[in-house]
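Tertiary structure, described
Next come the chains, spelled out residue by residue.
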Amino acid sequence: MPLFRKKPVVIEAEQYKEYGKLVPGMCNSQACFIKVSNVPHVHTIHNNQIVLLEIGDWIIPESDGEHYYPIKNIEIDRLYDRVPKICPACGCGAPEPMHPGFLCLTCIRNP
Ligand SMILES: [Zn+2]
Ligand SMILES: [Zn+2]
């Protein structure tokens, strides 16, 4: 069999933490809610297949920007390295995840 190594790509993943709370990547279609009786899910790149979410799962975007797949919380640190986000004002690596373009807590407090 040929051998492959996954290319290093930085992704933004969101954790599904709470039932009823919509997370980026989670399907929000009314048509689907009827089909899978309102069970939280994502659509994968494999034939748009529905994968049900459980609390704690991380939702990972596919490179097509349309599809997602879930990863168990116990798997995320085994499969991925955490990448610190860099504050655009001071250049520090923020310990807490921030939204893109947001400042670190120090820069927010001392503008
Ligand atoms: Zn759906
Ligand atoms: Zn800063």
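A quick note: this is a predicted structure, and the numbers were derived from the prediction, not measured.

The rules we used
- Counting of residues starts from 1 at the beginning of each chain's written sequence and follows it residue by residue.
- Labels follow written order: the first chain is A, the first ligand is 1, and so on.
- Predicted model: local features are reported for residues with pLDDT of at least 70 only, side-chain atom pairs are reported and counted for 80 or more only, and whole-chain, interface and lining totals are derived from all residues.
- To qualify as a helix, a DSSP run of H or I must reach at least 4 residues; to qualify as a strand, a run of E must reach at least 2; elements of each kind are numbered from the N terminus.
- Throughout, the radius of gyration refers to the C-alpha atoms, and the reference size of a globule is 2.2 Å times the residue count to the power 0.38.
- Using C-beta atoms placed from the backbone, we call a residue buried if 20 or more other C-beta atoms fall within 10 Å of its own, exposed if 12 or fewer do, and partly exposed for counts in between.
- We call two residues in contact when their backbone-placed C-beta atoms lie within 7 Å.

1. Quick look at the overall build of the protein
When helices and strands are counted, the protein shows three helices and seven strands. Secondary structure elements of the protein, listed N to C terminal, follow the sequence β-α-β-β-β-β-α-β-β-α. For the protein, the C-alpha radius of gyration of 17 Å lies well beyond 13 Å, the compact-globule estimate for 111 residues. Its C-alpha atoms give the protein principal-axis dimensions of about 50 × 45 × 25 Å. Here the protein holds 111 residues, and 12% of them are scored as buried. A separation threshold of at least 6 residues defines the contact pool for the protein, and within that pool the share at least 24 residues apart is 29%.

2. As for unusual backbone geometry
Although it is not a glycine, N47 sits at a positive phi angle of roughly 60 degrees. Relative to the helices and strands, N47 resides in the loop between strand 2 (41-43) and strand 3 (50-52). Although it is not a glycine, N48 sits at a positive phi angle of roughly 60 degrees. Here N48 lies in the loop between strand 2 and strand 3.

Function cannot be inferred from these measures alone, as they are strictly geometric.
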